[in-house]
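Architecture at a glance
What follows is the residue order along each chain.
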Amino acid sequence: MKVSKEVRDIAEEILRQGQVGGVLGLSSEHGHVGPHLFSSTDDLGTLVLEPRYMLAKVCRMILADFPGERLGVVARGCDERALIEMAKLGQVDLSRLDLIGVACSEAQARECACPHPYPRRIDVGEPVQGVAFADTECAQQASEQDLVARQAFWTHAFSRCIKCYGCRNVCPVCICAECSLEDASWVARGKISPEISFHLIRAFHVADKCVGCGACDAACPVDIPLTRLYAQMREKMKEMFGYEIGLDVTNKSPLTTTLEEAPLHGL
Amino acid sequence: MSERPFQPRIIAFCCNWCSYAGADLAGVSRLQMPSNFKVIRVMCSARVAPEWIIKALSSGVDGVMVLGCHIGDCHYISGNHRAAKRFAVLREMLGCVGINPDRLLVDWVSASEGPQFQKIVTNFVERVAVLGPGKAAGEQRAKGTSELNGLTQQAEKRE
Amino acid sequence: MDYRTVLTTCPYCGSGCGMYLPVLNGKLGEPIPAKTHPLSQGRLCIKGWSAHEHVASHDRLTKPLVKTGSGFKETTWDEALDLVVTRLLELRDRHGPDSLAFLVSAKCTNEENYLQQKLARAVFGTNNVDHCARL
């Protein structure tokens, strides 16, 4: 594929310059695709771009374990937003990363209902228009349903949960060392499906951080449409505080600032 | 015997510096108000974690109040700023999953506002009584209620 | 920089979900579900997600333990296996082969489980073989 070829060329260039310890991307071997650290130009032939994995989380681990080194990353819009949110939380140092920015295709953007299907600097691909929240199925559903219908919808969805913690484990912004979802005070142990608090606590914790990468949806074995809930919360953050997640590292979450710094309507 | 009207169970998180003192004042002034609520004293309204409210609502509590100092009067300068924003977002989230956001109230009561405390509590209890039992709890309500009774008894014993 | 991912199969049950185990600087990390796996398609259950935890766990037994009057005592594999053999033979001779049962594990390979049932049936002569997952 042409796009993968362009990414390979840029990765090769970065590796030749010798500034980075490796380039993190996806590699296809024996018909399976997974995250791979390309540390020499020899194996770049296996570099591919799909299916998409959340590489930001891997980045964070590698940077933490190799404090002195720089890392190249093949990054889509969602990877970059996740890295920016991690940087706000002091989890990654963006100056140690060389991003190879890949713009998603229109079909990919539609599939994820992605509002920003491209990183700030695009090295490969053409940027396409993001999907506005108002045009998503989620917005339509939210506007049609009243409280009773919403409760029925979410109670049914949450009742399928097998408490695998996959949503939390893949989430690039779920980075707490001690997780409330593992604390028996808030979520009872040994109960499946878990209490509704499991989902509500997680939804609240990511309300001001969720970058809409869709990794939780993809990892859910029982198809709970989590991003529908999180997308609504993202939209509320925008409506209430004009806050957009993952776009500007200097823009702190309004939930951590005072009313002078980020006012709330009516106060 | 006539059917007793629905008596909501309500938890009020009151900050140590203003609203708890306000509640105290309402008490010593012998102001009449419904007795459906339990006060939990916290150091600041910002100390109230969303987990607490979510857990309360999902284990059989019908309404939660978070009462802090008036904006500008916070003992910790801007604690209540964070509480105001945090719970405004939490209210929106409850609405998204179909739990009536009116079950969560955030308001401000100063140490001298006994009557204000009385008014807020009375209005909130009435409002939640109209909303009916918190369905967020579902089948957990029975269990949650016994848990809650246990906690109340423990608290009473300590006092 | 040393970061590798190794494609493998979840060791817990017969479903056989696909996952990558990341190795960062020689340390095993949390599994990454393999999206290209035909069965699991990028999903895992709680067992798969925690499949790496026991490897570096402090609670993990690294030496065989023998139960004595005063609790467990560390021993060598030779001694432990000798004890197992003597006691099993003793029990079989005294109470018959069906006084014994053999439990195998989902965390062992197919081949290891096969050998265990062979031992139970051919050597000791009992059909009392069971398995923790029983799929």
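Residues numbered from 1 in each chain as written. Chains lettered and ligands numbered in written order. Predicted model: local features only at pLDDT ≥ 70, side-chain atom pairs only at ≥ 80, totals over all residues. Heavy atoms only, no water.

1. Focus: the interface of chain A and chain B
To keep things clear, this is the line we draw: Only heavy atoms enter the contact rule, under which two residues are in contact if any of them lie within 4.5 Å. Defined here as a combined quantity, buried area equals the accessible surface (1.4 Å probe) lost by two parts on assembly, summed across both. Put simply, a salt bridge is a Lys or Arg side-chain nitrogen that is within 4 Å of an Asp or Glu carboxyl oxygen. What qualifies as a polar contact is a pair of N or O atoms within 3.5 Å, subject to a donor-acceptor requirement within protein and to the restriction that residues adjacent in sequence count only when both atoms come from side chains.
Taken together, the contact between chain A and chain B spans 35 residues of the former and 31 residues of the latter. Summing the contributions of chain A and of chain B, the shared interface buries around 3000 Å²; its carbon and sulfur component is 70%. On inspection of chain A and its partner chain B, the count reaches two salt bridges. Residue B:Lys55 is joined to A:Glu195 by a salt bridge in which the shortest nitrogen-to-oxygen separation is 3.0 Å. Across the contact surface, chain A and chain B share twelve residue pairs in polar contact (both at pLDDT 80 or more).

2. Points about the pairing of strand 4 (residues 104-108) of chain B
Residues and elements named next belong to chain B. Our working rule: Pairing between strands is defined by DSSP: at least two bridges between the two strands are required. For helices the rule is a DSSP run of H or I covering at least 4 residues; for strands it is a run of E covering at least 2, with both sets numbered from the N terminus onward. By definition, the crossover connecting two strands over a helix is right-handed if that path, from the first strand to the second, turns clockwise as seen with the strands pointing away from the viewer.
For strand 3 (residues 63-68) and strand 4, the ladder comprises five bridges, and the chain directions are parallel. When the bridges of strand 4 are listed, Val 66 appears paired with Val 106. Between strand 3 and its parallel partner strand 4, the chain crosses via helix 3 (residues 79-96), and the hand of that crossover is right-handed.

3. Regarding the side chain of A:Lys163
Locating A:Lys163 in the fold gives a position in the loop between helix 6 (147-159) and helix 7 (166-170). Within polar-contact distance, the side chain of A:Lys163 engages the backbone oxygen of A:Ala188 at 3.1 Å. When neighbours within four sequence positions are excluded, A:Lys163 is seen to be in contact with A:Val187, A:Ala188, A:Arg189, A:Gly190, A:Lys191, A:Ile192, A:Pro194, A:Phe198 and C:Ile46.

4. Let's talk about the pattern of salt bridges
Worth spelling out the cut-off: For every residue, the accessible area obtained with a 1.4 Å probe (protein chains only) is divided by the maximum for its type, and the residue is called buried under 20%, exposed over 50%, and partly exposed between those limits.
On inspection of all chains with the given rule, the structure shows 20 salt bridges over all chains. For the salt bridge of C:Lys27 with A:Asp65, the shortest nitrogen-to-oxygen distance reads 2.8 Å. Placement of the pair is C:Lys27 in strand 3 (residues 27-28) and A:Asp65 in helix 2 (residues 55-65), with the two residues belonging to separate chains. By relative accessible area, which is 46% here, C:Lys27 ends up partly exposed. Because the salt bridges share partners, they merge into one network encompassing C:Arg87, C:Glu90 and C:Arg94.

5. Considering the interface of chain C and chain A
As a reminder of what qualifies: Polar here means any residue other than Ala, Val, Leu, Ile, Met, Phe, Trp, Tyr, Cys and Pro, which are nonpolar, and Asp, Glu, Lys and Arg, which are charged; Gly is therefore polar.
Across the contact, 24 residues belong to chain C and 33 residues belong to chain A. Interface area for chain C against chain A, summed over the two sides, is near 2300 Å², with a carbon-plus-sulfur share of 63%. Considering only the surface of chain C that becomes buried against chain A, C:Met1, C:Tyr3 and C:Arg43 emerge as the three largest contributors, covering 34% of it. Our enumeration of links across chain C and chain A arrives at two salt bridges. Summed over the shared surface of chain C and chain A, the result is eleven residue pairs in polar contact (both at pLDDT 80 or more). Looking at the side of chain C that touches chain A, the elements that each hand over two or more residues are strand 1 (3-9), strand 2 (18-24), strand 4 (32-33) and helix 1 (46-49) of chain C. Sort the elements by how many residues they give to the side of chain C that touches chain A and strand 1 of chain C lands first, with three residues. Grouping the constituent residues of the side of chain C that touches chain A by class yields 13 nonpolar, six polar and five charged.

6. Considering the nonpolar core
For the record, the criterion: By nonpolar core is meant a set of buried Ala, Val, Leu, Ile, Met, Phe, Trp, Tyr and Cys residues that side-chain atoms within 4.5 Å join together.
Within the largest apolar cluster, 103 residues are counted, with the highest numbers of intra-cluster contacts made by A:Leu24, A:Ile62, A:Leu71, B:Phe13, B:Ile53 and B:Val89. Sorting elements by how many residues they give to this core places helix 3 of chain B first, with nine residues. Dropping the residues within four chain positions of it, B:Phe13 is found in contact with B:Ile40, B:Val42, B:Val48, B:Trp52, B:Ile53, B:Val64, B:Met65, B:Val66 and B:Leu67. Core analysis: the next-biggest nonpolar cluster, separate from the first, contains 16 residues, B:Cys14, B:Leu105, B:Val125 and B:Val128 among them.

7. Here we look at the domain arrangement of chain C
Selection rule: Those domain boundaries reflect an automatic or database domain assignment.
Taken as a whole, chain C is organised into domain 1 (3-49), domain 2 (62-95) and domain 3 (97-135). With centres defined by C-alpha atoms, the gap from domain 1 of chain C to domain 2 of chain C works out at 35 Å.

8. As for unusual backbone geometry
Residues and elements named next belong to chain A. Put simply, Glu 50 and Pro 51 share a cis peptide bond, and its omega is -5°. Tracing the chain through its elements places Pro 51 in the loop between strand 3 (47-48) and helix 2. Cis geometry is adopted by the peptide bond preceding Ser 193, which originates at Ile 192 and carries an omega value of -5°. For Ser 193, the position within the fold is in the loop between helix 7 and helix 8 (196-205).

9. Considering the packing of aromatic side chains
Any aromatic ring pair is given by two values, namely how distant the centres are and how the planes are angled relative to each other. Quick reminder of the rule: Note on ring pairs: Phe, Tyr and Trp rings are taken, using the six-membered ring of Trp, and paired if centres are within 6.5 Å. Classes follow the plane angle, with under 30 degrees stacked, over 60 edge-to-face and the rest tilted. In this scheme, Lys NZ or Arg CZ marks a charge over a ring once it lies within 6 Å of the ring centre and within 35 degrees of the ring normal.
A full pass over the atoms with the stated rule returns seven aromatic pairs over all chains. Between C:Phe102 and C:Phe124 the ring centres are 5.4 Å apart and the planes differ by 45°, which places this aromatic pair in the tilted class. With a gap of 22 residues between them, C:Phe102 in strand 7 (residues 102-104) and C:Phe124 in helix 3 (residues 110-124) connect regions that are remote in the sequence. Assigned by exposure class, C:Phe102 and C:Phe124 land together as buried. One aromatic cluster in this structure is built from A:Phe153, A:Trp154 and A:Phe158. Over the aromatic face of B:Tyr20 sits the side chain of B:Arg41, whose NZ or CZ is 4.5 Å from the ring centroid.

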